[in-house]
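Listed here are the chains, written in short residue letters.
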Amino acid sequence: MEEIKSIQWFPGHMTKTKRKIESQLRLVDAVAVLLDARIPYSSCNPQLRSIINNKPRIIVLNKCDMADPAQTKKWLSLFREKNIAAIALDCKTGKGLNAFIPTVKNVLADRIESWNKKGMTGRTIKVMVVGIPNVGKSSFINRMSKQNRAKVEDRPGVTRGNQWFTIGKGFDLLDTPGVLWPKFDDPIVGEKLAYIGSVKDDILDTEQLAGRLLEYLRDNFPGPLCARYKLDSQEIIPMQGYEILELVGRKRGMLVSGGEINTERAAAAVLDEFRNASLGKLTIDRAEDYPDVRV
């Protein structure tokens with residue numbers, strides 16, 4: 001199957017978001033960078049890295065319950081080896097959330113000590129939350145603040161303005177809309193972002209995307225793929241992605257008049273089931289492939 005040509009999605013509001021982040025960075029003490037635990041490398045916006053610059057940061061691997069636990073552990077070790085504070089959590093279940101505030105305070109320990117010496121004991125800690133679309137920033141903030149004020153939807157581009165939230169005594173979070181970058185130098189990064197739903201499906205050929213995902217799963221996770229869709233691992237080896245998609249559609253009985261396979265419906269099912277971890281806990285950015293990762 002042909003490689004998807006240069007997936008790009010950078011609507012105008014993302015330029016405004018980038019400017020807001022730049023202008024409001026001076027208002028915060030640290031930045032929480034949310035990454036998707038399934039693609040920690042691909043979900044890291046290189047522009048945000050340059051904007052944040054030397055501001056203290058905490059890497060938050062969200063959706064860890066959808067990722068391979070062994071790979072998540074490797075990613076945490078990799079970040080910590082680079083002296084970058086990192087935690088893994090899952091906003092849906094609340095797993096790991098209790099580690100966030102202590103981790104921030106540890107990162108800011110010298111600064112907090114300096115405040116205390118200046119008589120600023122109890123000064124409010126302010127943390128900006130940044131990340132790509134659909135990485136779970138609003139869910140994270142709602143969980144931390146124990147309320148549902150931040151908009152949450154399972155699609156990119158929902159949060160459109162920067163909002164402050166109090167998550168505890170002397171601790172505020174600044175929510176920001178998800179932002180991508182204008183050009184993906186590596187087309188595979190664009191594909192992976194599309195796989196998890198950080199690029200709007202409306203601008204994509206979802207059948208081609210699902211076909212590419214099926215090829216990737218066949219080559220890297222044949223067991224979960226074949227178990228989910230009742231496929232023969234040997235039968236699908238020579239197949240193109242679209243052929244596997246047709247097979248999935250046939251197995252699921254997704255037919256239209258005349259016995260044709262509804263590949264659009266099959267593609268939607270494949271993408272939805274990958275995104276909600278119905279195929280299992282899969283990490284598609286392996287830590288060992290990115291030893292020089294920068295965040």
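About the thresholds
Residues numbered from 1 in each chain as written. Predicted model: local features only at pLDDT ≥ 70, side-chain atom pairs only at ≥ 80, totals over all residues. Heavy atoms only, no water. Salt bridge = Lys/Arg side-chain N within 4 Å of Asp/Glu carboxyl O. Helix = DSSP H or I, 4+ residues; strand = E, 2+ residues; numbered from the N terminus. Buried < 20%, exposed > 50% of the residue type's maximum accessible area, 1.4 Å probe, protein only. Core = buried A, V, L, I, M, F, W, Y, C linked by side-chain atoms within 4.5 Å. Contact = heavy atoms within 4.5 Å. Arc of directions from axis to C-beta. Expected span 1.5 Å × (residues − 1). Polar contact = N/O pair within 3.5 Å; in protein donor to acceptor, adjacent residues only side chain to side chain. Phe/Tyr/Trp six-rings, centres within 6.5 Å; stacked < 30°, edge-to-face > 60°. Lys NZ or Arg CZ within 6 Å of the ring centre and 35° of its normal. Pairing = 2+ DSSP bridges. Axes fitted to C-alpha atoms, helices over the stretch in contact; angles between N-to-C directions.

Where do I start with the pattern of salt bridges in this structure?
Should their charged atoms come close, side chains of opposite charge can pair. Overall, the coordinates contain 13 salt bridges when judged by the stated rule. Here K117 ties to E113 by a salt bridge, and the two come within 3.6 Å at their closest N and O atoms. On the criterion of helical spacing, the pair formed by K117 and E113 is a turn pair, its members being 4 residues apart in helix 5 (residues 109-117). Assessed through its relative accessible area of 41%, E113 is described here as partly exposed. Put simply, R286 and D289 hold a salt bridge, and the shortest N to O gap is 3.0 Å. By sharing partners, the salt bridges in this structure join E191, R212 and E215 into a single network.

Got a minute to help me understand the nonpolar core in this structure?
Side chains of nonpolar character tend, in soluble globular proteins, to be buried together. Judged by nonpolar contacts, the single largest core of 61 residues is most densely connected at F100, V127, F140, L173, L231 and F274. Broken down by element, the residue count for this core peaks at 6 residues, all from helix 11 (residues 263-275). If we skip the residues at most four places from it in the chain, F140 touches L34, L89, C91, L97, F100, V129 and L173.

Help me understand unusual backbone geometry in this model?
With a phi close to 55 degrees, N53 is a non-glycine residue in the positive phi region. Looking at the secondary structure, you find N53 in the loop between helix 2 (46-52) and strand 2 (57-62). Residue class for N53 comes out partly exposed when judged on its relative accessible area of 47%. Here the phi dihedral of A277 falls at roughly 65 degrees; this positive angle occurs in a residue that is not glycine. Here A277 lies in the segment after helix 11.

Just checking my understanding: could you explain helix 4 (residues 100-107) for this structure?
What helix 4 keeps buried is the set F100, T103 and V104. The arc that holds the buried residues of helix 4, viewed along the axis, is 100 degrees, so those residues lie on one side.

Can you help me understand helix 8 (residues 206-220) in this one?
Each α-helix winds once per 3.6 residues, and so residues spaced three or four apart point in a common direction. In this model, helix 8 (15 residues) spans 21 Å end to end at C-alpha, consistent with the 21 Å of a helix rising 1.5 Å per residue. Among all positions in helix 8, only T206, L209, A210, G211, R212, L213, L214, E215, L217 and R218 are buried. In this structure, the buried residues of helix 8 make contact with helix 7 (187-196), helix 9 (222-229), helix 10 (241-251) and helix 11. Put simply, D205 is the residue that caps the front of helix 8, since its side-chain oxygen is 3.2 Å from the backbone nitrogen of E207.

What am I meant to see in the packing of aromatic side chains here?
Aromatic ring pairs are defined here through the distance separating the ring centres and the angle between the ring planes. Inspection of every chain in the model, using the stated rule, returns 7 aromatic pairs. Here Y195 and F274 contribute two aromatic rings whose centre-to-centre distance is 6.5 Å and whose plane-to-plane angle is 75 degrees, an arrangement assigned as edge-to-face. You can see Y195 sitting in helix 7 and its partner F274 sitting in helix 11, a full 79 residues away along the chain. Accessibility assignment for this pair places Y195 and F274 in one class, buried. Relative to F221, the ring of Y216 has its centre 6.3 Å away and its plane inclined at 55 degrees; by these criteria the two rings are tilted. Members of the aromatic cluster, each reached through a chain of ring pairs, are Y41, W75, F79 and Y290. When the ring centre of W115 is taken as origin, the NZ or CZ atom of R123, which lies over that ring, is 4.0 Å away. Geometry around W164 places K126 over its ring, the cationic atom sitting 5.5 Å from the centre.

It is not clear to me how the side chain of T176 should be interpreted in this structure. Could you clarify?
Residue placement: T176 occurs in the loop between strand 6 (171-175) and helix 7. Of note is the side chain of T176, whose polar atom sits 2.6 Å from the backbone oxygen of V129.

It is not clear to me how the sheet that holds strand 6 should be interpreted in this structure. Could you clarify?
Each strand in a sheet pairs with its neighbour through backbone hydrogen bonds, running either in the same direction (parallel) or in the opposite one (antiparallel). The strand order across the open sheet formed by 6 strands is 3-2-1-4-6-5, and the pairing between neighbours is mixed. Pairing within the sheet leaves two strands with one partner each, and these edge strands are strand 3 (85-88) and strand 5 (163-168). Adjacent strand axes in the sheet meet at a mean angle of 25 degrees when their direction is disregarded. Most of the contacts of helix 4 go to strand 2, to which it runs at about 155 degrees, and overall it touches strand 1 (30-36), strand 2, strand 3, strand 4 (125-131), strand 5 and strand 6. Sheet strands in contact with helix 6 (residues 137-145) are strand 1, strand 4, strand 5 and strand 6, and its direction is about 160 degrees off that of strand 6.

What's the story with the environment of I51 in this structure? I'm lost.
Tracing the sequence through the fold places I51 in helix 2. Looking at I51, the relative accessible area reads 14%, which means it is buried. Between the C-alpha atom of I51 and that of I21, which follows or precedes it by 30 residues, the distance is 8.0 Å. In contact with I51, not counting residues within four places along its chain, are K18, I21, E22 and L25.

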